Amino acid sequence: MNLEFVAPSVINGEIIVEIEQSDIESEVLYWDSALIMYVLGGDLSMNMVKQFMIRQWNTVQLPDLLYHDDRYFIMRFKSMKEKEEILMNGPYTIKNIPMLLRDWKPDFCMKKDMLRTIPIWVKLPQLPLEMWGAKSLNKIGSAIGSPVVTDECTAQKLRASYARILVEIDATQQMPKEITIQNHEGKKVKQAIKYEWLPKFCGRCQNFGHNCATARTILQWKPKPQQASEEPTKGKTAVEPSTELVIESKEDAPEGVVSKLDEQETWSSPKTGSKGHGTGRTNGKNPVVVECSNGFHALGDWNEPIGLEELEPC
């Protein structure tokens, strides 16, 4: 692509470059079939996203994938139809993290658009069937946020229990749980709103993924206090709960304190018969014999075969 010099404008000593609509028409048309993909609180590699698209989006051609330094991906599809198909079949998760998809726009800004305005699927349960048209859903979705698209079941009227639309919502604002709809007869009805997923947003630090106002419970171990009435007797040692005693012999161990020697286990070779092989484990007293022989040797004592005539009839 060859370039040529175009003189900029100079207004009050300031150099200003003027970009007109005709200058960007071809580029806007090129990126019009692109989607912006972002995950909250996760870092994804190019290969990981490509493998996801191969497995999950096998009904369309693999889109061109580009990574931006602001930690989001640009997916350019071959046609607008394929882009809309992917949007209608959402939502998607990758590594158990919700994947956020939204249309590319010429003035797209990651910090302004993606980190505040988030596309979320919304269900409208028991919505009257006469309000399932595009005009009615546009008005209903606009009361929640900015409507984007419906799912395939809503568009093809393959489901009657609820309508489902994708709406771009400002996650920093309070989400309405219901809205008021005035129908064509002037009657007002309450319409419930169910969000399939809502991100955690902290109003204090303006970040996603947590809430500073949520109280956290910290468990801390404390030793059991010794009662004042208990006094150490003569010849016995008082033991603090947090003190570890190292005792060399059992005779020196205070009463109620487990000796280290009792916890130590030694191994010995017990006396075994001709059929027993193995070792026993002891705690310093009588050895315990462990029988390690094969228990099937009893089958060898039966030398005569069992005939069918020897069995009693049923």
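Source: prediction; values computed, not measured. (Residues numbered from 1 in each chain as written. Predicted model: local features only at pLDDT ≥ 70, side-chain atom pairs only at ≥ 80, totals over all residues. Heavy atoms only, no water.)

1. A word on the overall build of the protein chain
Looking only at helices and strands, the protein chain features seven helices and 17 strands. Per-residue burial for the protein chain yields a buried fraction of 28% across its 314 residues. Sequence-distant contacts, at least 24 apart, represent 53% of the contacts inside the protein chain between residues at least 6 apart. Entry remark: accessible area of the protein chain is about 23500 Å², with carbon and sulfur atoms responsible for 51%. (Helix = DSSP H or I, 4+ residues; strand = E, 2+ residues; numbered from the N terminus. Buried < 20%, exposed > 50% of the residue type's maximum accessible area, 1.4 Å probe, protein only. Contact = heavy atoms within 4.5 Å. Areas by Shrake-Rupley, 256 points an atom, 1.4 Å probe, with all protein chains shown as cover.)

2. A short note on the sheet that holds strand 5 (residues 72-76)
Strand order across the open sheet formed by five strands is 4-5-3-7-6, with antiparallel pairing between neighbours. One side of each edge strand has no neighbouring strand; the edge strands of this open sheet are strand 4 (64-68) and strand 6 (92-94). Going across the sheet, the axis of each strand differs from the next one's by a mean of 35 degrees, ignoring polarity. Here strand 4 pairs with strand 5 via five bridges, running antiparallel. Looking across to strand 5, one finds that Asp64 is bridged to Arg76. (Pairing = 2+ DSSP bridges. Axes fitted to C-alpha atoms, helices over the stretch in contact; angles between N-to-C directions.)

3. Considerations on the side chain of Glu168
Among the secondary structure elements, Glu168 is positioned in strand 10 (residues 162-170). Glu168 gets classed as buried once you look at its relative accessible area, which sits at 9%. Here Arg102 takes part through its side chain, which lies 3.2 Å from a polar atom of the side chain of Glu168. Setting aside residues no more than four positions away along its own chain, Glu168 makes contact with Arg102, Lys105, Thr117, Ile118, Pro119, Gly145, Ser146 and Val148. (Polar contact = N/O pair within 3.5 Å; in protein donor to acceptor, adjacent residues only side chain to side chain.)

4. Remarks on the nonpolar core
In a soluble, globular protein the nonpolar side chains are often hidden away together inside. With 29 residues, the main nonpolar core has Val122, Leu124, Leu127, Ile144, Ile169, Ile193 and Tyr195 as its most contacted residues. Counting only elements with at least two residues in this core, the list comes to strand 3 (34-39), strand 5, strand 8 (117-125), helix 5 (134-142), strand 10 and strand 11 (178-182). Setting aside residues up to four positions removed in sequence, Leu124 forms contacts with Leu137, Ile140, Ile144, Ser161, Tyr162, Ala163, Ile165, Gln191, Ala192 and Ile193. (Core = buried A, V, L, I, M, F, W, Y, C linked by side-chain atoms within 4.5 Å.)

5. Here's the deal with helix 2 (residues 46-56)
Looking at helix 2, one finds that the buried residues are Val49, Phe52 and Met53. Looking down the long axis of helix 2, one finds its buried residues gathered within 95 degrees of arc, a one-sided arrangement. Across helix 2 from its buried face, at more than 90 degrees, point the exposed residues Asn47 and Arg55. Tucked inside the fold, the buried residues of helix 2 contact strand 3, strand 4, strand 5, strand 6 and strand 7 (97-103). (Arc of directions from axis to C-beta.)

6. Overview of the pattern of salt bridges
A full pass over the atoms with the stated rule returns seven salt bridges. Residue Asp151 is joined to Arg159 by a salt bridge in which the shortest nitrogen-to-oxygen separation is 2.9 Å. (Salt bridge = Lys/Arg side-chain N within 4 Å of Asp/Glu carboxyl O.)

7. With respect to a negative patch on the surface
On the surface, Glu18, Glu20, Asp23 and Glu25 cluster together to form a negatively charged patch. Its place among the elements puts Glu20 in the loop between strand 2 (14-16) and helix 1 (21-31). (Patch = residues over 30% accessible without salt bridge, like charges linked within 9 Å, V, L, I, M, F, W, Y side chains within 5 Å. Lys, Arg positive; Asp, Glu negative; His and termini not counted. Charge placed at Lys NZ, Arg CZ, Asp CG, Glu CD.)

8. Remarks on unusual backbone geometry
Despite not being glycine, Asn12 shows a phi value in the positive range, around 55 degrees. Examined against the element boundaries, Asn12 turns out to sit in the loop between strand 1 (9-11) and strand 2. Within the chain, Lys157 stands out as a residue other than glycine whose phi angle is a positive 55 degrees. As for its position among the elements, Lys157 is in the loop between helix 6 (152-155) and strand 10.

9. Considerations on the confidence of the model for the protein chain
Overall, the predicted model of the protein chain reaches an average pLDDT of 75, with 62% of residues at or above 70. Low pLDDT (under 50) marks residues 257-261, which in the prediction has 13 contacts with non-local residues, meaning those over four places away or in another chain. Here residues 306-311 is a poorly scored stretch, pLDDT under 50, and it has two contacts once near neighbours within four places are set aside; other chains count. (pLDDT = per-residue confidence, 0-100.)

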